[in-house]
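# Observations on the model geometry
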Amino acid sequence: MKRYIYFIIGALLLLTSCANHPDVPSSYKEAKCLPAVFPDYCNVTVPYNIAPLNFMLPADQYKECVARFTTSDGQQQTYGNGVKVQIPEDEWHAMLDVSKGKSIKVEVWGKKNDEWLSFNLFEIHVAKEPIDEYISYRLIEPSYVAWNFMEISQRDVTTFEESQIFNNEITCNDRAKGQCINCHSYQNYKTDNMLFHVRLANAGTIIVNDGKVSKVNMKRDYTISGGVYPAWHPTAKLIAFSTNKTRQAFHTAHPNKLEVYDLASDLILYDVATDSVSIVSNDSTLLEVYPTWSPDGKYLYYCKSVPLPEELRDKDIRSTFEKIQYNLYRRSFDIATHNFGEEELVYDAASQNKSATLPRISPDGRYLLFAQGQYGCFHIRHCDGDIVCMPLNVENPSPLDLSKFNSEGFADSYPTWSSNGHWMMCSSRRGDGNYSRVYFSYFNNGKVEKAFMLPQEDPEQNTFQLKCYNRPEFMVEPVKISVNEFSKAF
């Protein structure tokens with residue numbers, strides 16, 4: 001009986017192996033083009049520790065798919081199950097290890113009707129530099145007036161493991177009021193000092209200080225709100241915030257569909273140790289938002305609107321929102337006294353009829369990364385939203401060529417750097433224009449390679465996941481506090 005069970009198990013394993021490692025078609029027609037794989041992983045550069053780049057051919061056009069991978073040392077393996085190519089993690093990482101600094105060649109065959117087609121070979125270049133093992137993001141619908149369930153999740157990008165950091169059901173005791181959770185942030189890519197916001201029901205900012213969780217209210221009599229958009233100082237227990245009166249509006253006839261704008265916004269500094277709030281900048285006539293620190297902590301960068309023309313200054317913002325544009329500024333910071341220096345213009349976007357937001361400085365301090373559109377400060381819903389990268393501390397700097405990172409005609413926003421500065425990440429609506437996904441791109445001394453989508457175990461997940469990936473952030477370690485532990489702070 002036992003021998004019979006072993007025979008059955010062996011037969012099942014053989015069938016599975018044959019399905020995952022199929023034979024290359026013996027006869028086929030040459031298509032003389034690259035395969036239309038989804039996600040598009042043709043000729044991308046990836047870190048040597050990324051999860052398998054599983055992909056598929058369009059199911060409405062093809063019946064089967066076979067892919068053959070050849071490593072730099074000549075080893076070969078085939079994969080294919082239906083129209084999908086899904087690679088076991090151990091086999092994939094073995095291929096990456098031997099191809100570090102080199103390339104993996106990929107040949108794809110697709111069965112269309114009753115005929116096999118052979119596509120042009122493409123390569124997956126394997127960089128010598130790793131990517132941070134973890135990212136986190138908020139999962140949320142692409143547009144909403146009210147919300148129900150939302151979560152902040154973290155993903156191990158070397159595998160397919162995803163887990164919740166927090167969700168808005170566990171502590172929401174007022175369903176009519178609802179609860180929004182957003183703006184997760186970490187100190188220097190680590191998670192022992194981190195935060196996220198809770199709005200409406202049980203509102204406050206959840207702060208983790210040396211692994212201990214508390215909820216704080218940063219609203220003071222002299223601020224327009226509590227802290228909103230955060231930036232941890234890289235070394236000190238200090239967090240820069242913008243304070244905002246944010247509004248959302250929907251268009252009935254406009255390509256951008258949705259506007260998020262501020263009626264007022266200032267900058268504050270929060271001292272975690274003393275629970276004190278000080279003003280950084282509060283020009284009542286202008287809007288200041290999205291602070292970020294230089295990696296040495298000596299400068300605070302931020303966005304600030306330029307004055308509207310005299311004839312528009314008293315108009316309703318709903319009629320002037322397309323005229324509001326932001327430049328990038330910075331102030332020096334003295335960590336001993338907590339004093340800020342005079343404001344310096346870093347990038348004049350308005351002079352080019354543009355608006356710049358969401359600045360991030362590369363870990364080596366050499367490059368400024370930001371999002372840019374024609375107007376406003378919330379480009380994730382703007383079709384012309386793109387990512388821009390500029391060298392810092394050079395005369396007459398010119399933007400780097402990010403054509404391989406940006407998409408054409410879709411919103412690209414929320415850029416950020418990996419901790420080693422070799423990987424850029426953004427949230428992009430490329431593909432369908434509605435759902436934002438996470439994209440990475442290799443950055444090497446000013447040269448940017450083709451962007452690739454965050455890989456999934458099932459490549460079709462990127463089409464049936466009806467949530468947006470909002471505010472992706474790199475982390476060098478996972479959040480170790482559980483959802484239940486966070487809930488005890490409420």
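The structure reproduced in this document is the subject of the present report. (Residues numbered from 1 in each chain as written. Predicted model: local features only at pLDDT ≥ 70, side-chain atom pairs only at ≥ 80, totals over all residues. Heavy atoms only, no water.)

Using the criterion set out here, one finds 21 aromatic pairs in the structure. Centre to centre, the rings of Tyr62 and Phe119 are 6.1 Å apart; their planes meet at 65°, and the pair counts as edge-to-face. Of this pair, Tyr62 sits in the loop between β3 (55–56) and β4 (64–70) while Phe119 sits in the loop between β8 (115–118) and β9 (122–126), and the two are 57 residues apart along the sequence. Exposure class is identical for Tyr62 and Phe119. Each is buried. Ring centres of Trp293 and Phe333 lie 5.1 Å apart, and the angle between their planes is 65°; on these two criteria the pair is classed as edge-to-face. Residue Trp293 is located in strand β21 (residues 288–293), and its partner Phe333 is located in strand β23 (residues 326–334); the two are separated by 40 residues in the primary sequence. For the pair Trp293 and Phe333, one class covers both residues: buried. It is Lys100 that lies over the ring of Tyr48; its NZ or CZ is 3.9 Å from the centre. (Phe/Tyr/Trp six-rings, centres within 6.5 Å; stacked < 30°, edge-to-face > 60°. Helix = DSSP H or I, 4+ residues; strand = E, 2+ residues; numbered from the N terminus. Buried < 20%, exposed > 50% of the residue type's maximum accessible area, 1.4 Å probe, protein only. Lys NZ or Arg CZ within 6 Å of the ring centre and 35° of its normal.)

Alignment of strand β1 (residues 29–30) against β8, held across 2 bridges, turns out to be parallel. Bridging across to β8, Lys29 finds its partner in Leu117. Judged from the 4 bridges that link them, strand β7 (residues 103–112) and β8 form a sheet pairing that is antiparallel. Bridging from a neighbouring strand, Trp109 pairs with Ser118 of β8. Two successive antiparallel strands, β7 and β8, enclose a turn made up of 2 residues, where Asn113 displays a positive phi of approximately 60°. (Pairing = 2+ DSSP bridges.)

The next point concerns the nonpolar core. Within the largest apolar cluster, 86 residues are counted, with the highest numbers of intra-cluster contacts made by Phe69 and Phe440. When neighbours within four sequence positions are excluded, Phe440 is seen to be in contact with Ile131, Ile135, Val157, Phe405, Met424, Met425, Lys450, Ala451, Phe452, Leu454 and Phe474. (Core = buried A, V, L, I, M, F, W, Y, C linked by side-chain atoms within 4.5 Å. Contact = heavy atoms within 4.5 Å.)

Time to look at the environment of Asp73. Of note, Asp73 is situated in the loop between β4 and β5 (76–79). Residues Asp73 and Ile104, 31 residues apart in the sequence, show an inter-C-alpha distance of 9.4 Å. Side chain to side chain, Asp73 and Thr71 meet in a polar contact 2.4 Å long. A polar contact is formed between the side chain of Asp73 and the side chain of Gln75, at a distance of 2.6 Å. (Polar contact = N/O pair within 3.5 Å; in protein donor to acceptor, adjacent residues only side chain to side chain.)

What follows covers the pairing of strand β30 (residues 423–428). Within β30, 6 of the 6 residues are buried, which leaves it mostly tucked inside the rest of the structure. Here strand β29 (residues 412–417) pairs with β30 via 4 bridges, running antiparallel. Paired with Trp417 across the two strands is Met424, which belongs to β30. Where β29 folds back on β30, the antiparallel hairpin that results is connected by 5 residues, among which Gly421 adopts a positive phi of roughly 75°. For β30 and strand β31 (residues 437–444), the ladder comprises 6 bridges, and the chain directions are antiparallel. Looking across to β31, one finds that Met425 is bridged to Phe440.

So, about the sheet that holds strand β17 (residues 229–232). The strand order across the open sheet built from 4 strands is β17-β18-β19-β20, with neighbouring strands paired in antiparallel fashion. Edge strands, defined here as strands with exactly one partner in the open sheet, are β17 and β20 (276–281). On average, adjacent strands in this sheet sit at an angle of 30° to one another, irrespective of strand direction. Two strands pair when backbone bridges link them, and β17 and strand β18 (residues 238–250) are joined in this way by 4 bridges, in the antiparallel orientation. Bridge assignment links Tyr229 to a residue of β18, and that residue is Ser242. (Axes fitted to C-alpha atoms, helices over the stretch in contact; angles between N-to-C directions.)

Reading across from one edge, β12-β11-β10-β34 is the order of the 4 strands in this open sheet, with antiparallel pairing throughout. Looking along the sheet, the strands with just one partner apiece sit at the ends: β12 (162–167) and β34 (468–475). With strand direction ignored, the average angle separating the axes of adjacent strands in the sheet is 25°. Where strand β11 (residues 151–156) lies against β12, 5 bridges are found, and the strand directions are antiparallel. Note that in β12 the partner of Ile152 across the bridge is Phe166.

Bringing the state of the cysteines into the picture now. Counted according to the given criterion, the structure contains 0 disulfides. Cysteine Cys180 shares no disulfide, and the gap to the nearest cysteine sulfur, in Cys183, comes to 8.2 Å. The exposure class assigned to Cys180 is buried, which follows from its relative accessible area of 4%. Here Cys468 is not disulfide-linked; the sulfur of Cys426 is the nearest cysteine sulfur, at 13 Å. Here Cys468 falls in the buried class, since its relative accessible area comes to 2%. (Disulfide = S-S within 2.5 Å.)

Here the focus is unusual backbone geometry. Going from Phe38 to Pro39, the amide bond is cis rather than trans, its omega being -10°. Positive phi is not limited to glycine here, since Lys32 has a value of about 60°. Among the secondary structure elements, Lys32 is positioned in the loop between β1 and β2 (44–46). Looking at Lys32, the relative accessible area reads 66%, which means it is exposed. A positive phi is found at Cys183, a non-glycine position, where the angle reads about 55°. Within the element layout of this structure, Cys183 appears in strand β13 (residues 179–187).

Just geometry here; none of it tells us what the structure is for.
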